[in-house]
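Residues per chain, in single letters:
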Amino acid sequence: MHTKAALRTLGISKTHPTVKEIKVAYLKQAAHWHPDRWDVLYKESATEKFKVIQQAYHALNGGSTGRRPCVYRPPPVPLGVNLGIRYTIMFFLCVAALHEKWRQAQALQSSSTKTT
């Protein structure tokens, strides 16, 4: 289950919930939708909803209580920013390498003209 969908299922409106907020929301929803609390007519639909709530909690909690929860975070800085810096550095390294080759060629040419 996707993280945003899991947050919606548990009724969490924040995009950066804490571990405690996730647990409290899960316990509240689980207590409300537990199949034993519902009449026979609604028990099947309550069971389905309870399973969805459990899946949402396990998606956010990482499947066990001992692991760090996977709370939703906004995407990182776009790659274009980092790539711009990388390409700039690569460009200057290439220019430096070409300049070095040009200087070696000039040195070779000047040494060959001096010997003749």
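Going by the structure above, here's the rest.
Residues numbered from 1 in each chain as written. Predicted model: local features only at pLDDT ≥ 70, side-chain atom pairs only at ≥ 80, totals over all residues. Heavy atoms only, no water.

Describe in detail the overall build of the chain, supporting the description with residues and values.
Looking only at helices and strands, one finds four helices and zero strands in the chain. When the helices and strands of the chain are placed in sequence order, the string is α-α-α-α. By residue count, 20% of the 116 residues in the chain fall in the buried class. Taking the intrachain contacts of the chain between residues at least 6 apart in sequence as the baseline, contacts between residues at least 24 apart amount to 51%. In the structure as shown, the chain presents an accessible area of about 9100 Å², 63% of it carried by carbon and sulfur atoms. (Helix = DSSP H or I, 4+ residues; strand = E, 2+ residues; numbered from the N terminus. Buried < 20%, exposed > 50% of the residue type's maximum accessible area, 1.4 Å probe, protein only. Contact = heavy atoms within 4.5 Å. Areas by Shrake-Rupley, 256 points an atom, 1.4 Å probe, with all protein chains shown as cover.)

Summarise the nonpolar core; cite the residues concerned and give the values.
Side chains of a nonpolar character, in soluble globular proteins, are inclined to be buried together. Of all hydrophobic cores here, the largest spans 13 residues; its most connected members are Leu10, Ile12, Ile22, Tyr26 and Leu60. Elements with a contribution of two residues or more to this core: helix H1 (3-10), helix H2 (19-33) and helix H3 (43-61). With five residues, the top contributor of residues to this core is H3. (Core = buried A, V, L, I, M, F, W, Y, C linked by side-chain atoms within 4.5 Å.)

Got a sec to walk through the environment of Asn61? Specific residues and values, please.
Topologically, Asn61 is positioned in helix H3. A relative accessible area of 6% places Asn61 in the buried class.

Explain the side chain of Thr9 to me, and be specific about the residues and the numbers.
Note on placement: Thr9 falls in helix H1. From its side chain, Thr9 meets the backbone oxygen of Ala5 in a polar contact 2.8 Å long. (Polar contact = N/O pair within 3.5 Å; in protein donor to acceptor, adjacent residues only side chain to side chain.)

Describe in detail a nonpolar patch on the surface, supporting the description with residues and values.
Together, Phe91, Phe92 and Val95 give the surface a local cluster of nonpolar side chains, amounting to about 310 Å² of exposed area. Mapped onto the secondary structure, Phe91 falls in helix H4 (residues 79-115). (Patch = residues over 30% accessible without salt bridge, like charges linked within 9 Å, V, L, I, M, F, W, Y side chains within 5 Å. Salt bridge = Lys/Arg side-chain N within 4 Å of Asp/Glu carboxyl O.)

Summarise the packing of H1 against H3; cite the residues concerned and give the values.
It is at 9 Å that the axes of H1 and H3 come closest, and there the two elements cross at 130°. Here H3 runs oblique to H1, going by the angle between their axes. Here the hand of the crossing between H1 and H3 comes out left-handed. Where H1 abuts H3, its residues Thr3, Ala6, Leu7, Thr9 and Leu10 lie against Val52, Ile53, Ala56, Tyr57, Ala59 and Leu60. Here the residues of the contact of H1 with H3 sort into nine nonpolar, two polar and no charged. (Axes fitted to C-alpha atoms, helices over the stretch in contact; angles between N-to-C directions. Parallel < 35°, antiparallel > 145°, perpendicular 65-115°, else oblique. Left-handed = near helix turned anticlockwise from the far one by under 90°. Nonpolar A, V, L, I, M, F, W, Y, C, P; charged D, E, K, R; others polar.)

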